[in-house]
Amino acid sequence: MKKYFITLCLLAAMVSPLRARKMTLTDYITITKKNHPFFKKVALDASIANFDKNSLRGTSDLKLTISPYYEYSKPLESFDYIQIKRTRGYGFKTGLTKQIWPLGTKLTLEFDQGLRKYSIQDQINSQKKSKEYYTSAISFGMIQPMLKNFRGKLDRLDFNLKQFDVEISKIQTLEKKEEFIFGLSKQFIKWVCLHEQKN
């Protein structure tokens, strides 16, 4: 593909009526950098590596969890002439989790809201009754690593290692560009020599 691109650029320079001077090596390299897809591709390599590194920061995002639940049981228990026929319960649990990236601290906040219904039968007068009980609970928790992972050093290890991958990708991108430009320069000089020999 590189050879075809070189040929097209040179032919375009030869047949263009608007061009007042001959194409130099610098002009040719400049045009190639602006139009050849190779340079667009290698420019993306470092960006991809950087995005890959930043994706590891997802562990520090604020996380929301919602868990609805339903319970049903049919016990056969008696308490002071009262028999519990069945129980039903439903509700939901909601939680927020946040990891503080610089400290490695993990914070959690949980809220539980529920309703439980009891179907009760009075064994003395055989009357059936229904009782409802609401439950609400809120809790807060904190986890702080204290030994090897103090201040989240191990949590950030993969992220810090990815930074080396980003730097390596930048160096490789520069090397690929230099190699490509060197190959273009050789092809241009070879074409100029052949053109001068024919003339």
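The rules behind the values
- Residues numbered from 1 in each chain as written.
- Predicted model: local features only at pLDDT ≥ 70, side-chain atom pairs only at ≥ 80, totals over all residues.
- Heavy atoms only, no water.
- Helix = DSSP H or I, 4+ residues; strand = E, 2+ residues; numbered from the N terminus.
- Buried < 20%, exposed > 50% of the residue type's maximum accessible area, 1.4 Å probe, protein only.
- Contact = heavy atoms within 4.5 Å.
- Areas by Shrake-Rupley, 256 points an atom, 1.4 Å probe, with all protein chains shown as cover.
- Phe/Tyr/Trp six-rings, centres within 6.5 Å; stacked < 30°, edge-to-face > 60°.
- Lys NZ or Arg CZ within 6 Å of the ring centre and 35° of its normal.
- Expected span 1.5 Å × (residues − 1).
- Core = buried A, V, L, I, M, F, W, Y, C linked by side-chain atoms within 4.5 Å.
- Patch = residues over 30% accessible without salt bridge, like charges linked within 9 Å, V, L, I, M, F, W, Y side chains within 5 Å.
- Salt bridge = Lys/Arg side-chain N within 4 Å of Asp/Glu carboxyl O.
- pLDDT = per-residue confidence, 0-100.

Considering the overall build of the protein
Phase 1: Across its full length, the protein carries four helices and five strands.
Phase 2: Start at the N end of the protein and walk to the C end: the helices and strands fall as α-α-α-β-β-β-β-β-α.
Phase 3: With 199 residues in all, the protein has 25% of them scored as buried.
Phase 4: For the protein, restricting intrachain contacts to residue pairs at least 6 apart in sequence, the fraction spanning at least 24 positions comes to 63%.
Phase 5: Per element, the accessible surface of the protein, about 14900 Å² overall, is 60% carbon and sulfur.

Brief notes about the packing of aromatic side chains
Phase 1: Tallied over the entire structure, the rule returns three aromatic pairs.
Phase 2: Between Phe-38 and Phe-39 the ring centres are 5.5 Å apart and the planes differ by 85°, which places this aromatic pair in the edge-to-face class.
Phase 3: Residues Phe-38 and Phe-180 carry aromatic rings whose centres are separated by 4.3 Å and whose planes lie at 10° to one another, so their mutual orientation is stacked. Of this pair, Phe-38 sits in helix H3 (residues 37-54) while Phe-180 sits in helix H4 (residues 157-198), placing them 142 residues apart in sequence.
Phase 4: The class for Phe-180 is buried, based on a relative accessible area of 9%.
Phase 5: We note Lys-93 situated over the ring of Tyr-69; from NZ or CZ to the ring centre the distance is 6.0 Å.

A few points about H4
Phase 1: Helix length check: H4 (42 residues) gives 62 Å between terminal C-alpha atoms against 62 Å at 1.5 Å per residue, within 8%.
Phase 2: Those residues of H4 that sit buried are Phe-159, Val-166, Ser-169, Thr-173, Phe-180, Ile-181, Gly-183, Leu-184, Ser-185 and Phe-188.

A short note on the nonpolar core
Phase 1: Membership of the largest hydrophobic core is limited to eight residues, which are Met-23, Tyr-28, Ile-29, Phe-39, Phe-180, Ile-181, Leu-184 and Phe-188.
Phase 2: Of all the secondary structure elements, the ones that give two or more residues to this core are helix H2 (25-35) and H4.
Phase 3: The leading source of residues in this core is H4, at four residues.
Phase 4: Ignoring sequence-local partners within four residues, the contact set of Ile-29 consists of Ile-181 and Ser-185.

Quick notes on the environment of Lys-131
Phase 1: Structurally, the position occupied by Lys-131 is in strand S5 (residues 128-143).
Phase 2: For Lys-131, a relative accessible area of 39% gives the class partly exposed.
Phase 3: For the pair Lys-131 and Tyr-118, spaced 13 residues apart in sequence, the C-alpha to C-alpha distance is 5.0 Å.
Phase 4: Ignoring any residue separated from it by four or fewer positions in sequence, one finds Lys-131 in contact with Arg-116, Lys-117, Tyr-118 and Ile-120.

Observations concerning the environment of Ser-169
Phase 1: Position of Ser-169 among the secondary structure elements: in helix H4.
Phase 2: For Ser-169, a relative accessible area of 11% puts it in the buried group.
Phase 3: Measuring from C-alpha to C-alpha, the distance between Ser-169 and Ala-49 comes to 7.0 Å, with 120 residues separating the pair along the chain.
Phase 4: Sequence-distant contacts of Ser-169, that is, excluding residues within four places in its chain, are made with Asp-45, Ala-46 and Ala-49.

Some remarks on a nonpolar patch on the surface
Phase 1: Taken together, the side chains of Leu-62, Leu-64, Ile-66, Phe-92, Leu-96, Leu-109, Phe-111, Ile-138, Phe-140 and Met-142 define a hydrophobic patch exposed on the protein surface, amounting to about 1000 Å² of accessible area.
Phase 2: If you list the elements that add at least two residues to the nonpolar patch, you get strand S1 (63-73), strand S3 (82-100), strand S4 (105-122) and S5.
Phase 3: Tallying contributions element by element places S5 first for the nonpolar patch, with three residues.
Phase 4: Tracing the backbone shows Ile-138 in strand S5.

Some thoughts on the confidence of the model for the protein
Phase 1: The predicted model of the protein averages 77 in pLDDT, with 81% of residues at 70 or higher.
Phase 2: Looking across the protein, the model is least confident in helix H1 (residues 2-15), with a mean pLDDT of 46, and most confident in S1, with 89.
Phase 3: Across residues 1-8, confidence stays below pLDDT 50; counting only partners more than four residues off in sequence or on other chains, it has 12 contacts.
Phase 4: Residue range residues 10-20 is modelled with pLDDT below 50. Its contacts to residues more than four positions away, or to other chains, number seven contacts.

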